[in-house]
Amino acid sequence: METPRQEELLKPSRIPLSIVLPTYNESQNITRVIDSISDSIPEGTKAEIIVVDDSSPDGTGSVVADYANRLGQGMKKRLHIEVINRPGKMGLSSAILAGVESACGDVVVVMDSDMSHPPQTIPRMLEELAHSKCDIVVASRYIKGGGVSGWPFKRKLMSKGATKIAQYSLGITVKDPMSGFFAFRRQIIEGIKFDAIGYKMLLEILVKAKGARIKEIPYTFTNRRLGSSKLDTSTMIDYVRAVWRLYRYGRSAPEEKRRSVRFLSKAGRFYTVGASGLLVNYLVSFVLTALFPAIWYLHATIAGIALSITSNFILNKLWTFEDRDFSAKRTLVQYGMFAGFSAFGALVQLGMVYYLVESQGQSYPLALILAVATASISNFLLNKKWTFKERVWG
Ligand code: GDD
Ligand code: MN
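Here the structure is a predicted model, which is why all the values come from computation and not from measurement.

(A) Representation of the overall build of the chain in the model. Looking only at helices and strands, one finds 13 helices and 9 strands in the chain. Along the first, second and third principal axes, the C-alpha atoms of the chain reach 105 × 50 × 35 Å. When each of the 394 residues of the chain is scored for burial, the buried share is 42%. By element, 61% of the accessible surface of the chain is carried by carbon and sulfur atoms, the whole surface being about 21000 Å². Within the chain, the 34 negative side-chain charges are centred at a point lying 7 Å from the centre of the 50 positive side-chain charges.

If you want it as structure tokens, here you go:
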């Protein structure tokens with residue numbers, strides 16, 4: 001049971017700082033980590049340490065409980081230690097989440113319990129949160145001044161690889177999104193539903209805390225001296241699952257869709273419309289010559305071109321660019337531009353085929369493919385930017 005005095009201490013306003021320490025078999029490390037943290041947090045700062053232990057077979061949980069009981073009165077005033085005991089090994093991210101959920105501080109720091117993360121970095125993190133206007137501070141191995149000490153080559157490679165995957169597939173710009181050492185204002189994650197799969201809690205926060213301002217500061221990760229890493233093959237499988245879920249998450253929130261996804265889906269529609277235009281072009285020309293044998297074939301071709309440009313325009317306006325403004329002036333101006341760009345594209349195509357075949361000695365089929373690709377890409381970009389007034393990327 002908690003005494004009223006402890007309750008009082010736990011009120012959000014009384015504890016500005018919560019430090020979450022996930023543990024699994026860290027009995028050899030945990031007290032040293034807590035000692036070092038309490039030496040490092042700035043004078044006058046009240047903090048709570050939340051150890052989330054998954055019933056470690058080596059008794060980490062009771063080691064922490066004993067340690068908390070032995071704290072002197074003076075110490076107890078500035079440091080509150082809490083242990084969350086979970087029934088079994090349930091994974092790092094979910095342990096962090098459990099700790100964060102029970103945190104009372106305005107600011108939450110998350111770090112490992114094996115001395116890999118230097119607590120001396122914590123004051124810098126708090127300072128950044130307080131003085132520069134940011135919401136998340138990532139302690140980073142991969143910016144200037146940061147590094148890794150004691151990892152074998154293979155582990156370094158894996159970490160870099162995982163980092164690149166996150167950056168490319170999730171559009172993350174943070175240099176060390178895999179960091180297990182970070183701090184944030186608790187309010188920025190309010191209302192977020194977390195999957196908490198695997199190891200990568202920070203990654204999930206980076207993807208889901210929309211609009212959060214992020215800052216990275218350097219630190220050197222030191223491989224643990226005692227105990228062993230809990231990272232194994234299943235962690236890697238979990239990683240792929242986690243990234244996949246986050247990727248789909250990015251796609252499912254319509255207004256937040258990543259730019260690449262939006263850009264590609266529009267390009268896809270534009271090309272589909274282009275293909276339908278070819279069909280219209282052919283059909284119109286053939287039908288006309290079939291119905292009116294007297295018609296000059298060039299007239300039939302011109303009619304085919306004109307109609308396919310028109311149908312392309314209407315489909316692109318409605319479907320590709322989802323523009324529902326059909327006021328006469330706007331529509332006419334757009335139609336004019338669209339037809340102009342089509343003519344321009346045809347000229348580009350013609351010129352390029354000529355150049356590639358005549359001056360570069362390319363074969364006609366290859367020249368044609370290159371020219372059509374160039375003309376249609378420039379057509380797409382020009383219409384996107386000028387006819388439908390969208391930004392080019394996104
Ligand atoms: N409660 C709980 N449950 N804690 C866990 C679990 C779990 O299932 N798995 C790991 N931990 C704790 C460990 O006791 C340790 O304090 C911390 O989480 C990190 O685990 P390690 O096993 O030491 O991870 P690592 O050193 O290999 O990986 C580190 O580097 C990665 C970046 O490459 C960690 O900092 C990762 O968070 C980080 O992503
Ligand atoms: Mn470790």
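Now, onward.
(B) Here's a closer look at the nonpolar core. Counting residues in each nonpolar core, the largest one holds 37 residues, and the members touching the most others are V100, V110, I136, F184, L203 and I205. Counting only elements with at least two residues in this core, the list comes to strand 2 (47-53), helix 5 (92-101), strand 4 (107-110), strand 5 (136-140), helix 7 (153-170), strand 7 (182-185), helix 8 (201-208) and helix 9 (233-252). The element contributing the most residues to this core is helix 8, with 6 residues. I205 has contacts with I136, F182, F184, I189 and F194, leaving out every residue within four places of it along the chain. V33, V64, Y67 and A183 belong to the second-largest nonpolar core, a separate cluster that totals 33 residues.

(C) Structural view of the sheet that holds strand 7. Ordered in space as 3-2-1-4-7-5-8, the 7 strands form an open sheet in which the pairing is mixed. In the strand order of this sheet, the two ends are held by strand 3 (79-85) and strand 8 (214-218), each with one partner. Here the average twist between neighbouring strands, direction ignored, is 20°. The sheet contact formed by strand 2 and strand 3 spans 7 bridges and is parallel. Following the sheet pairing, E48 is matched in strand 3 by H80. Strands strand 1 (17-23), strand 2 and strand 3 of the sheet are contacted by helix 2 (residues 30-40), whose axis makes an angle of about 165° with strand 1. Against the sheet, helix 5 makes contact with strand 1, strand 2, strand 3, strand 4 and strand 7, and its axis sits at roughly 150° relative to strand 1, the strand it touches most.

(D) View of helix 3 (residues 60-70). All buried positions along helix 3 are accounted for by T60, G61, V64, Y67 and A68. Along helix 3, the residues classed as buried sweep out an arc of 130° about the axis, all on the same side. When the buried face of helix 3 is taken as reference, the exposed residues oriented beyond 90 degrees from it are N69 and R70. Elements in contact with the buried residues of helix 3: strand 1, helix 2, strand 2, helix 4 (73-78) and strand 3.

(E) Expanded view of the site of ligand 1. The immediate surroundings of ligand 1 are formed by 27 residues, with E26, D112, M178, K200 and K230 found nearest. A distance of 3.1 Å separates an oxygen atom of ligand 1 from a polar side-chain atom of Y199. Starting from 740 Å² of accessible surface for ligand 1 in isolation, the protein chains cover 98%. Taken together, the elements giving at least two residues each to the shell around ligand 1 come down to strand 1, helix 5 and helix 7. Residue classes in the shell around ligand 1 are distributed as 10 nonpolar, 7 polar and 10 charged.

(F) Helix 8, seen in detail. For helix 8, the tally of buried residues reaches 8 of 8 residues, placing the bulk of the element in the interior. Taken together, the buried positions of helix 8 are occupied by M201, L202, L203, E204, I205, L206, V207 and K208. Lining the buried residues of helix 8 we find helix 5, strand 5, helix 7, strand 7, strand 8 and helix 9.

(G) The arrangement of empty space enclosed by the protein in detail. A full pass over the atoms with the stated rule returns 1 cavity of 30 Å³ or more. Taken as a whole, the largest cavity spans an internal volume of roughly 40 Å³. Grouping the constituent residues of the lining of the largest cavity by class yields 3 nonpolar, no polar and 3 charged.

The rules behind the values
- Residues numbered from 1 in each chain as written.
- Chains lettered and ligands numbered in written order.
- Predicted model: local features only at pLDDT ≥ 70, side-chain atom pairs only at ≥ 80, totals over all residues.
- Heavy atoms only, no water.
- Helix = DSSP H or I, 4+ residues; strand = E, 2+ residues; numbered from the N terminus.
- Buried < 20%, exposed > 50% of the residue type's maximum accessible area, 1.4 Å probe, protein only.
- Areas by Shrake-Rupley, 256 points an atom, 1.4 Å probe, with all protein chains shown as cover.
- Lys, Arg positive; Asp, Glu negative; His and termini not counted.
- Charge placed at Lys NZ, Arg CZ, Asp CG, Glu CD.
- Core = buried A, V, L, I, M, F, W, Y, C linked by side-chain atoms within 4.5 Å.
- Contact = heavy atoms within 4.5 Å.
- Pairing = 2+ DSSP bridges.
- Axes fitted to C-alpha atoms, helices over the stretch in contact; angles between N-to-C directions.
- Arc of directions from axis to C-beta.
- Near = heavy atom within 4 Å.
- Polar contact = N/O pair within 3.5 Å; in protein donor to acceptor, adjacent residues only side chain to side chain.
- Nonpolar A, V, L, I, M, F, W, Y, C, P; charged D, E, K, R; others polar.
- 1 Å grid on protein atoms, 1.4 Å probe; cavity = no way out; pocket = protein on both sides within 12 Å on 5 of 7 lines; lining within 4 Å.
- Points joined across faces, edges and corners; volume = space filled by probe spheres on them.

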